[in-house]
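Here is what each chain is made of, one letter per residue.
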Amino acid sequence: MCYLGSMAPVPVGTAASGQRLTRKGQETHRRIVSEAAALMYEHGVGRTSIEDVQAAAGVSASQIYHYFGDKEGLVHAVINHQRDSVLGVQKPLLANLDSIEALEAWRDVIVSIHRDGRNQQGCPMGSLSSELSRSAPEARTDLLAGFNRWEEDLRSGLLAMRERGKLPDRVDPERFALALLAAVQGGLVLTQARRDTVALEASLDTLIDCLRDHTDH
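Throughout what follows, the structure given in this document is the object of discussion. Since the structure is predicted, the reported quantities are computational estimates derived from the model, not experimental observations.

Attention now goes to the nonpolar core. Within soluble globular proteins, side chains that are nonpolar generally end up buried alongside one another. Within the largest apolar cluster, 56 residues are counted, with the highest numbers of intra-cluster contacts made by Ile32, Leu74, Trp106 and Trp150. Looking at which element gives the most residues to this core, the answer is helix α4 (residues 71-94), with eight residues. Setting aside its immediate chain neighbours within four residues, Ile32 contacts Val53, Ala57, Val59, Ile64, Tyr67, Phe68 and Leu74.

Turning to helix α5 (residues 100-115), a few remarks are in order. The first and last C-alpha atoms of α5 sit 22 Å apart over 16 residues, in line with the 22 Å expected at 1.5 Å per residue. All buried positions along α5 are accounted for by Ile100, Ala102, Leu103, Trp106, Arg107, Ile110, Val111, Ile113 and His114. At its buried positions, α5 is contacted by α4, α7 (137-163), α8 (173-194) and α9 (198-215).

Next up on the list: α4. Each turn of an α-helix holds 3.6 residues, which means side chains three or four residues apart point in the same direction. In a regular helix each residue adds 1.5 Å, so 24 residues correspond to 34 Å; α4 covers 33 Å between its end C-alpha atoms and thus fits that length. A bend of about 35° at Gly88 is the largest found in α4, and the proline Pro92 appears one to four places after it. The N-cap of α4, judged by a side-chain oxygen 3.3 Å from the amide nitrogen of Glu72 a few residues on, is Asp70.

We now examine the pattern of salt bridges. Tallied over the full model, the rule gives 11 salt bridges. Here Asp84 and Arg83 are joined by a salt bridge, their closest N and O atoms 3.1 Å apart. On the basis of relative accessible area, Asp84 is assigned to the partly exposed category, the value being 40%. What emerges from the salt-bridge pattern is a single network uniting Arg107, Asp108, Arg115, Glu201 and Asp205.

Reading guide: rules and limits
Residue indices follow the written sequence of each chain, beginning from 1 at its first position. Where totals are concerned, whole chains, interfaces and linings use all residues; where local detail is concerned, this predicted model gives features only for residues with pLDDT of at least 70, and gives and counts side-chain atom pairs only at 80 or more. Each side-chain value is worked out from all heavy atoms of the structure, with water and hydrogens disregarded. Definition of nonpolar core: a set of buried residues of the types Ala, Val, Leu, Ile, Met, Phe, Trp, Tyr and Cys, connected through side-chain atoms within 4.5 Å. Burial classification: accessible surface area is computed with a 1.4 Å probe over protein chains only, and a residue below 20% of its type maximum counts as buried, one above 50% as exposed, and the rest as partly exposed. Numbered from the N terminus, helices here are DSSP runs of H or I no shorter than four residues, and strands are runs of E no shorter than two. It only takes one pair of heavy atoms within 4.5 Å for two residues to be counted as in contact. Here, expected helix span is obtained from the residue count minus one, scaled by 1.5 Å. Fitting axes to the seven residues that end at a residue and to the seven that start at it, the angle between those axes gives the bend at that residue. Within 3.5 Å is the distance limit for a polar contact, defined as a pair of N or O atoms, with the added protein rule that one can donate a hydrogen and the other accept it, and that residues adjacent in sequence qualify only through two side-chain atoms. Any Lys or Arg side-chain nitrogen located within 4 Å of an Asp or Glu carboxyl oxygen qualifies as a salt bridge.

So this is what it looks like as structure tokens:
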């Protein structure tokens, strides 16, 4: 699938024409995006057709084009949906990242989400990035913005920990935040191959133990 970027992203709450959506229209829009996201997560963007989304969402092709303009517009909406879903689960924890124990609680949630087999394709954002980043520059920009938000949430928490004296000044929140995000994404790639969360746990535990060691010196 080529993310051509043939049109500007459709603002939330509007159709591709710019028309404001009614409550029923918003519900239909959400249903289409949710079903498209599930299909693209399971099969990939390239293997998910407009017809597949039509059947899953119970809508016509004209409705999809009305709401999203084209498949690229739908993909943009799916990226935003997956970003909000992934970060939304973590937000309450990252908003209160004020100790090593809070960081471990965040780690436990990340691991538990993937341990029970619900997310066998890895991180929804990571899966989209693997497929689209090379061939679809506008999709890559959308995805990078999502990863940057994730990294910023981690960085803000670590910075707050340092300011409260929970971490020493020598700890660099920016580098550790990026390392934690990389540990999640790399760990989830191996989780797909191994069908277990051992690598994900090992990578996160190693970084958290490193931070704990900093607090002991």
